[in-house]
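# Inside the fold
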Amino acid sequence: MNGSDIEITSTAATSGHSAAAWAVLAEAKEAMRLAGRSQWQGSYPAVSDVETDIANGVARVLLHGGQVVGYCALVTNGCDPAYAHITGGRWLTPEGTRYAVVHRIAIAPGMAGRHLATRWMRMLMAEARRLGCRSMRIDTNHDNVQMLRLLPQCGFSQCGTVMQSDGERIAFERVFL
């Protein structure tokens, strides 16, 4: 079964999704640890990040058969303090342009290899466009091979580096036409 055979929906997360959403992130953290990756190996992300995302209305879940198989935060206000300073390059859109940001995106490891992240990223971009964003920005660690492969496949361009609380990240942007 490939990813196009799987029916999925993306929706705003509610408090009822919190435990399942955290389980997806916790499993992804463990999968990264087992693969020898450094991203997400400290206290971030935490269950409190999921709860804050839900309270702020930015939490999204990917559902398959009513079950949570993915989690992310989709912020569409066009402002991420970590993105104010980019080094080694520049953003594709000028300052003042409203953009969306995806943070903490993860697919349940048991659903890996089915191209769900690609399909979900396209859904998230469509949602951001509907909400008036002109582009989408995202960052990832140098050793997150899945994201480094996924982002160019989804039309993102590498723009430079940004600093997050747990270190330097490679910054990407996708401009919507």
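Provided above is the structure to which this section pertains.
Reading guide: rules and limits
Residues numbered from 1 in each chain as written. Predicted model: local features only at pLDDT ≥ 70, side-chain atom pairs only at ≥ 80, totals over all residues. Heavy atoms only, no water. Axes fitted to C-alpha atoms, helices over the stretch in contact; angles between N-to-C directions. Helix = DSSP H or I, 4+ residues; strand = E, 2+ residues; numbered from the N terminus. Parallel < 35°, antiparallel > 145°, perpendicular 65-115°, else oblique. Left-handed = near helix turned anticlockwise from the far one by under 90°. Contact = heavy atoms within 4.5 Å. Nonpolar A, V, L, I, M, F, W, Y, C, P; charged D, E, K, R; others polar. Expected span 1.5 Å × (residues − 1). Buried < 20%, exposed > 50% of the residue type's maximum accessible area, 1.4 Å probe, protein only. Arc of directions from axis to C-beta. Pairing = 2+ DSSP bridges. Phe/Tyr/Trp six-rings, centres within 6.5 Å; stacked < 30°, edge-to-face > 60°. Lys NZ or Arg CZ within 6 Å of the ring centre and 35° of its normal.

Moving on, we come to the packing of helix 1 (residues 18–34) against helix 2 (residues 47–55). Their axes nearest at 9 Å, the elements helix 1 and helix 2 cross at an angle of 135°. Relative to helix 2, the element helix 1 lies oblique. You can see that helix 1 and helix 2 cross each other, and the crossing is right-handed. Of the residues in helix 2, those touching helix 1 at Ser18, Ala21, Trp22 and Leu25 are Val47, Val50, Glu51 and Ile54. Of the residues contributing to the contact of helix 1 with helix 2, the split by class is six nonpolar, one polar and one charged.

Over its 17 residues, helix 1 runs 24 Å from end to end, which matches the ideal 24 Å to within 8%, given 1.5 Å per residue. The set of residues buried in helix 1 consists of Ser18, Ala21, Val24, Leu25, Ala28, Lys29 and Met32. Here the buried residues of helix 1 occupy an arc of 135° about the axis, which is enough to place them on one side. Along helix 1, exposed side chains directed more than 90 degrees from the buried face belong to Ala19 and Leu34. Considering only its buried residues, helix 1 is in contact with helix 2, strand 2 (59–64), strand 3 (67–75) and strand 4 (99–107). Positive phi appears at Gly36, one or two residues downstream of helix 1, with a value of about 80°.

Strand pairs in the sheet, formed through backbone hydrogen bonds, run parallel or antiparallel to each other. Sheet architecture is open: seven strands sit in the order 1-2-3-4-5-7-6, paired in mixed fashion. Pairing within the sheet leaves two strands with one partner each, and these edge strands are strand 1 (9–12) and strand 6 (157–164). Strand-to-strand, the axes of this sheet are offset by a mean angle of 30°, without reference to chain direction. Inspection of the sheet shows strand 2 paired to strand 3 by six bridges, in the antiparallel sense. Looking across to strand 3, one finds that Ala59 is bridged to Ala73. Against the sheet, helix 2 touches strand 2, strand 3 and strand 4, its axis set at about 65° to strand 3. In the packing of helix 4 (residues 145–153) onto the sheet, contacts are made with strand 4, strand 5 (135–140) and strand 7 (167–175), and the angle to strand 5 comes to roughly 160°.

Further remarks concern the environment of Ala55. Note that Ala55 resides in helix 2. Counting along the chain gives 117 residues from Ala55 to Phe172, while the straight-line C-alpha distance between them is 27 Å.

Applying the stated rule across the entire model yields two aromatic pairs. Look at Tyr83 and Trp91: their rings are 5.1 Å apart centre to centre, the planes differ by 50°, and that puts the pair in the tilted class. By relative accessible area, Tyr83 is classed as buried at 2%. According to the relative accessible area criterion, Trp91 is buried, its value standing at 9%. Centroid distance Tyr83 to Tyr99: 6.5 Å. Interplanar angle 35°. Geometry classified as tilted. Of this pair, Tyr83 sits in the loop between strand 3 and strand 4 while Tyr99 sits in strand 4, and the two are 16 residues apart along the sequence. These aromatic residues form a ring-pair network of at least three members: Tyr83, Trp91 and Tyr99. One residue, Arg129, lies across the ring of Phe176, its end atom 5.1 Å from the ring centre.

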